[in-house]
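Chain and residue survey
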Amino acid sequence: MAESPRRTLLLTGASRGIGHATVKRFASAGWRVITCSRHPFPEDCPWEAGEEDHVQVDLSDPNSTIAAVEDIRGRLAAGSGGRLEALVNNAGISPKGPEGERLDTLTTDLRTWGKVFHVNFFASVVLARGLRAELMAAKGAVVNVTSIAGARVHPFAGAAYATSKAALAALTREMAHDFGPLGVRVNAIAPGEIETAILSPGTEKLVEQIPMRRLGRPEEVARTIYYLCTAESSYVSGVEIEINGGQHV
């Protein structure tokens, strides 16, 4: 019996937190993981074939993002038979003010709005559309990482971040409608307060308002992403799963 081809994940924002946990979850299941970041591949990162499966791209620059699509297509043709089983759009930025304060609709510079939307929103559709043939070939899945901030005003996440994540949730529905006939499922996850190195000061106070009375763990988010990219969710498309310990209720 012929051995089934190795499945491939393309992940943006892989260097820390949820992205790092997602790499570990998929790699432990034997997947090939191609990562995208504006930084070069770190020499001390332990992933197998990490450097050759890393694409350096500035998702805030449309030209860089479009060029990266062709780079990724070439890597998929060479190493995965032109198939892409999963695309996870995890990269996101949330700029702060000079003192680390939240930037609202009155204090966010127009250029900042543009940069945030390019990374958090436009890159997701550029990558998915550019790689649709590879996703079709694998009957693959797309997961967009939104946020609890997309549905309510958040004390730390800025206005540009929040509105970009709300737009990404709407885009998920549109993509599910458009990609469904191609055999590709599109879903989103909306994390709440997840325990990572980039938590804002004061997050511990929010724990008191979370019914489960704790922060989420990156690996808990990664497990949900994995579910949405595998056969266990084969008839799930167009949904946004909230991962927040009941914070939204």
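Up top is the structure these notes are about.
What comes next concerns the included structure. (Residues numbered from 1 in each chain as written. Predicted model: local features only at pLDDT ≥ 70, side-chain atom pairs only at ≥ 80, totals over all residues. Heavy atoms only, no water.)

**Quick notes on the pattern of salt bridges**
Taken as a whole and judged by the stated rule, the model has 7 salt bridges. Here Glu-134 ties to Arg-73 by a salt bridge, and the two come within 2.8 Å at their closest N and O atoms. With Glu-134 in helix H4 (residues 132-138) and Arg-73 in helix H2 (residues 62-79), this pair connects stretches of sequence that are 61 residues apart. A relative accessible area of 6% places Glu-134 in the buried class. Between Arg-83 and Glu-85 there is a salt bridge, and its shortest N-O distance comes to 3.1 Å. (Salt bridge = Lys/Arg side-chain N within 4 Å of Asp/Glu carboxyl O. Helix = DSSP H or I, 4+ residues; strand = E, 2+ residues; numbered from the N terminus. Buried < 20%, exposed > 50% of the residue type's maximum accessible area, 1.4 Å probe, protein only.)

**Concerning unusual backbone geometry**
For Lys-139, which is not a glycine, the phi torsion comes out positive at approximately 50°. Mapped onto the elements of the fold, Lys-139 is located in the loop between H4 and strand S5 (141-145).

**Overview of the nonpolar core**
In terms of nonpolar packing, the biggest core is built from 29 residues, with Leu-10, Ile-72 and Leu-87 touching the most fellow members. Breaking this core down by element, the ones donating at least two residues are strand S2 (32-37), H2, helix H3 (110-130) and helix H5 (159-179). Filtering out sequence-adjacent residues up to four positions away, Leu-87 remains in contact with Leu-10, Leu-127, Ala-128, Leu-135, Ala-141, Val-142 and Val-143. One finds Ile-18, Val-33, Leu-228 and Ile-243 within the second-largest nonpolar core, a separate group that totals 20 residues. (Core = buried A, V, L, I, M, F, W, Y, C linked by side-chain atoms within 4.5 Å. Contact = heavy atoms within 4.5 Å.)

**A few points about the side chain of Arg-185**
The residue Arg-185 is located in strand S6 (residues 185-191) in this model. From its side chain, Arg-185 meets the backbone oxygen of Ser-233 in a polar contact 2.8 Å long. Ignoring sequence-local partners within four residues, the contact set of Arg-185 consists of Gly-140, Ala-141, Val-142, Leu-228, Cys-229, Thr-230, Ser-233, Ser-234, Tyr-235, Val-236 and Ser-237. (Polar contact = N/O pair within 3.5 Å; in protein donor to acceptor, adjacent residues only side chain to side chain.)

**Re H3**
Note: α-helices contain 3.6 residues per turn, so residues at a spacing of three or four share the same orientation. Maximum bend of H3: about 45°, positioned at Phe-122. Sitting at the amino-terminal end of H3 is Asp-109, which places a side-chain oxygen 2.8 Å from the backbone nitrogen of Arg-111. (Bend = angle between axes of the 7 residues up to and from the residue.)

**Observations regarding the packing of aromatic side chains**
Inspection of every chain in the model, using the stated rule, returns 5 aromatic pairs. Residues Phe-26 and Trp-31 carry aromatic rings whose centres are separated by 4.9 Å and whose planes lie at 90° to one another, so their mutual orientation is edge-to-face. Of the residues examined, Trp-31 reaches a relative accessible area of 2% and is grouped as buried. Between the NZ or CZ atom of Arg-25 and the centre of the ring of Tyr-226, over which it lies, the distance is 3.9 Å. (Phe/Tyr/Trp six-rings, centres within 6.5 Å; stacked < 30°, edge-to-face > 60°. Lys NZ or Arg CZ within 6 Å of the ring centre and 35° of its normal.)

**Section: the sheet that holds strand S7 (residues 240-243)**
Two orientations exist for strands paired in a sheet by backbone hydrogen bonds: parallel and antiparallel. With parallel pairing, the 7 strands of this open sheet are ordered in space as S3-S2-S1-S4-S5-S6-S7. The open sheet has two edge strands, strand S3 (54-56) and S7, and neither has a second partner. Strand-to-strand twist of the sheet, defined as the mean angle between neighbouring strand axes without regard to direction, takes the value 15°. Bridge count between S5 and S6: 5 bridges; the pairing is parallel. For Val-145, the partnering residue across the bridge sits in S6 and is Ile-189. Helix-sheet contacts for helix H7 (residues 218-228) involve strand S4 (86-89), S5, S6 and S7, and the interaxial angle to S6 is about 170°. (Pairing = 2+ DSSP bridges. Axes fitted to C-alpha atoms, helices over the stretch in contact; angles between N-to-C directions.)

**Considering the environment of Glu-204**
Tracing the chain through its elements places Glu-204 in helix H6 (residues 203-206). According to the relative accessible area criterion, Glu-204 is exposed, its value standing at 54%. Sequence separation of Glu-204 and Glu-193 is 11 residues, and the distance between their C-alpha atoms is 9.4 Å.

**Points about the packing of H3 against H5**
Closest axis-to-axis distance for the H3/H5 pair is 9 Å, and the angle between their directions is 15°. When the axes of H3 and H5 are compared, the pair comes out roughly parallel. For the pair H3 and H5, the crossing hand works out as right-handed. Along its contact with H3, which presents Trp-113, Val-116, Phe-117, Asn-120, Phe-121, Ser-124, Val-125, Ala-128 and Arg-129, the element H5 presents Ala-159, Ala-160, Tyr-161, Thr-163, Ser-164, Lys-165, Ala-167, Leu-168, Leu-171, Met-175 and Phe-179. (Parallel < 35°, antiparallel > 145°, perpendicular 65-115°, else oblique. Left-handed = near helix turned anticlockwise from the far one by under 90°.)

**Description of the environment of Lys-96**
By the secondary structure assignment, Lys-96 is in the loop between S4 and H3. For Lys-96, a relative accessible area of 33% corresponds to the partly exposed category. Lys-96 sits 149 residues away from Gly-245 along the chain, and the two C-alpha atoms are 26 Å apart.

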